[in-house]
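Residues per chain, in single letters:
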Amino acid sequence: MSLNHVSYWENGNWHHITAKEASKKSHNNTIRANEKELLCDLCNHFVTLSVGKTIDPYFKHSKGDIDKNCPERSKQALFTLPTHFAGLKIVIDKKQKFHLELVLPHAANPGLSKYQNLGIYHKHHKKIQKIAPVKINSNNFSTKVNLGSTVANKYTLYNDLPDHSDKIADFKTLQSKYLIFRSSDGMRVNLGGELNPNNEYIVLTTKNSFTYPGINEKLLARSNGWNVYRISFDTHFGSNKLSPFLQLNDLSNDAGIDYRITQNVADVDLIWPEHFKNEDGINYLGDTLYLYKHGQAWLDYAPRSNKRSNLNQDRLLQLFEDSKLFTLKPDDNNGMVVAYGRNVNDITNYKQFIPCSQSAKQPGNNLSLQPYLKKKNHYIKPLYNATLKQYVGKFEVSSQSLEANKPFRLPNLAAGSSLKVFYGADCVFSQTAKVNKAQAKTSQSKPSTTDKSSANNDQSRLNDSKLLSLLKKQTGETATFTIVSNQLKKLLADCPTTYQWVCNQARQQSITIKAKNILNKIINGEY
């Protein structure tokens, strides 16, 4: 069967292409799989373009592919996306030991709660062995199963009945000597997926060393014959020397599934309504979700009720190619899961969206913050990671992050100033210090020692080249950076090169924490 879902690597991104279009690009020459220019969109294997004088050009798979379950290898013209979602996560403890977790979001697996005797199994030395029992708590939004340090290419969920066992679902990772996980949340990267050079990753391997040009590695743990490394990309190594691939499989050239190094990594972001993140997922306020998909990725979604009336499969397939904004309506009050992945056979990345009304029903959940008094000082204890912003009049003068479940002493406010605490974009606490008549007269007779207009005038004298050089020199940990505020845009009006660089960081959604602090100081008139 001919392949219809193939992408071509050009200008740092994958682009869907037909065989005739690929033939024109190659000037009617064959493109072999080991040239790594053509990629199957369904199984992430490199494919070959065959051309001839008497036949039309066509794509074909290699016989040595590690995974031969590509839907277009079969005679079936259509394929279906997975109906079960699960994520594989790595956890490293303080004793330098690791274990794997299988994360089962309930919104994608609504029928699990009806089973009484669930168990996770894997195949070891040709024998199917039980790893761990599975206890479903319907009050939680997901179930995490500790798999220990057992690393298998497939885990199977069974319902253990008294006289026999019924298989419910298989969760495959594909056979590989390496597994890669995101350092930020521990979740596995799809086999053959993309790696962002600005991010760190965890590599699990049986190899005793992990050495690649342009990649920094650090050994984190050793356990049960496996080694765990944290890797980062040396961005100063030079784009001409840093390979666009990370080939990890000890296979022949035609059979390897490489990880592509690109900043256009597939992801899904909730743009609207107001929302905030917690350990279970993304809590949102409202009905319709506006989601933005980055890069190439197959998508599927599942409300907890398992109704799929708002986004049919044809529309999901159309979303594969480019970054797009699309809408979803959950259909129920228990949330939904949106799963995505570069490989249609290996969709394990997902994000769970939970209505705030449902989240508030959980024990201890409350969106509003109530201050409490301790040693004559007022404190708050946010349930989730929060942001504290302080204002003078209508102008924001400072912003800082608050950690979840940690007490924070509220600062003393000067007259005319205020503060607000946000979960995402939702204001959950505010406080204002009012100006009395005596203070108002004093402020009119005496000029302010920190004149906002003079601070803004100072910003107009920023040196463009020096500021850009300073920001680029800042290294270390990165933070999410997606929006360039109008205030910062005005302050950088005389620094066009710096402003262009800042906008580029926002498009990449990442900036070093040190550089972000400098920009905050510029906004607050401290720089």
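Everything numeric in this text was worked out from a predicted model, so none of it was measured.

What counts as what
Residues numbered from 1 in each chain as written. Predicted model: local features only at pLDDT ≥ 70, side-chain atom pairs only at ≥ 80, totals over all residues. Heavy atoms only, no water. pLDDT = per-residue confidence, 0-100. Contact = heavy atoms within 4.5 Å. Salt bridge = Lys/Arg side-chain N within 4 Å of Asp/Glu carboxyl O. Helix = DSSP H or I, 4+ residues; strand = E, 2+ residues; numbered from the N terminus. Buried < 20%, exposed > 50% of the residue type's maximum accessible area, 1.4 Å probe, protein only. Arc of directions from axis to C-beta. Phe/Tyr/Trp six-rings, centres within 6.5 Å; stacked < 30°, edge-to-face > 60°. Axes fitted to C-alpha atoms, helices over the stretch in contact; angles between N-to-C directions. Parallel < 35°, antiparallel > 145°, perpendicular 65-115°, else oblique. Nonpolar A, V, L, I, M, F, W, Y, C, P; charged D, E, K, R; others polar. Pairing = 2+ DSSP bridges.

On to the confidence of the model for the chain. Per-residue confidence for the chain gives a mean pLDDT of 76; residues scoring 70 or more make up 78%. Across residues 249-255, confidence stays below pLDDT 50; counting only partners more than four residues off in sequence or on other chains, it has 17 contacts. In the model, residues 442-460 has pLDDT below 50 throughout and makes ten contacts with residues more than four positions away in sequence or in other chains.

Our next topic: the pattern of salt bridges. It is possible for side chains bearing opposite charge to pair when their charged atoms get close. Tallied over the entire structure, the rule returns eight salt bridges. For the salt bridge of Glu200 with Arg230, the shortest nitrogen-to-oxygen distance reads 3.7 Å. On the criterion of sequence distance, the pair formed by Glu200 in the loop between strand S14 (194-195) and strand S15 (201-205) and Arg230 in strand S17 (residues 226-233) is long-range, its members being 30 residues apart. Judged by its relative accessible area of 40%, Glu200 is partly exposed. What makes Arg230 partly exposed here is its relative accessible area of 29%. Among the salt bridges present, the one from Glu396 reaches Lys389, with a minimum N-O distance of 4.0 Å. By relative accessible area, Lys389 is classed as partly exposed at 24%.

It is worth spelling out helix H9 (residues 513-523) at this point. In an α-helix there are 3.6 residues to a turn, and that puts residues three or four apart on one side. By the burial criterion, the buried members of H9 are Ala515, Ile518, Leu519, Ile522 and Ile523. Buried residues of H9, seen end-on, are gathered within an arc of 145° and therefore sit on one face of the element. Gly525 occupies a position one or two residues after H9 and carries a positive phi of about 75°.

Our focus in this paragraph is the packing of aromatic side chains. Tallied over the entire structure, the rule returns three aromatic pairs. Ring geometry for Tyr201 versus Phe233: centroids 6.5 Å apart, planes at 80°, classification edge-to-face. A residue pair is termed long-range when its members are at least 10 positions apart, and Tyr201 in strand S15 and Phe233 in strand S17 qualify at 32 residues. What makes Phe233 buried here is its relative accessible area of 7%.

Let us now look at the packing of helix H6 (residues 464-473) against helix H8 (residues 496-508). Across the interface, H6 lies against H8 with an axial gap of 7 Å and an inter-helix angle of 30°. As far as their axial angle goes, H8 and H6 are roughly parallel. For the pair H6 and H8, contact is made by Asp464, Leu467, Leu468, Leu471 and Lys472 and by Pro496, Thr497, Thr498 and Trp501, respectively. Residues belonging to the contact of H6 with H8 are distributed by class as follows: five nonpolar, two polar and two charged.

Let's shift gears to the sheet that holds strand S23 (residues 289-294). One open sheet accounts for three strands, arranged S20-S23-S25; its pairing is antiparallel. Every interior strand has two partners, whereas the edge strands, strand S20 (267-272) and strand S25 (324-328), have only one. Across the sheet, the mean angle from the axis of one strand to that of its neighbour is 35°, orientation sign disregarded. Relative to S23, S20 is paired through five bridges, and the arrangement is antiparallel. By the bridge assignment for S23, Trp272 is matched with Tyr290.

Within S17, six of the eight residues are buried, which leaves the element mostly enclosed by the surrounding structure. In this structure, S15 lies alongside S17, joined through five bridges in antiparallel fashion. Bridge pairing links Leu204 to Val228 in S17. Note: strand S16 (residues 215-223) against S17, eight bridges, orientation antiparallel. The residue bridging Ser223 from the neighbouring strand is Trp226, located in S17. Turn length for the S16-S17 hairpin, with the two strands adjacent in sequence and antiparallel, is two residues, and the turn residue Asn224 shows positive phi of about 55°.

This part is about the packing of H6 against H9. Axis separation between H6 and H9 bottoms out at 8 Å; the angle between their running directions is 140°. When the axes of H6 and H9 are compared, the pair comes out oblique. The segment H6 lies against H9, with Leu467, Leu470 and Leu471 engaging Ala515, Ile518, Leu519 and Ile522.

Spatially, S28-S29-S32 is the arrangement adopted by the three strands of the open sheet, whose pairing is antiparallel. Because the sheet does not close on itself, it has two edges, and the strands there are strand S28 (372-374) and strand S32 (408-409). Both S28 and strand S29 (residues 377-380) contribute to a ladder of three bridges, which runs antiparallel. Note that in S29 the partner of Leu373 across the bridge is His378.

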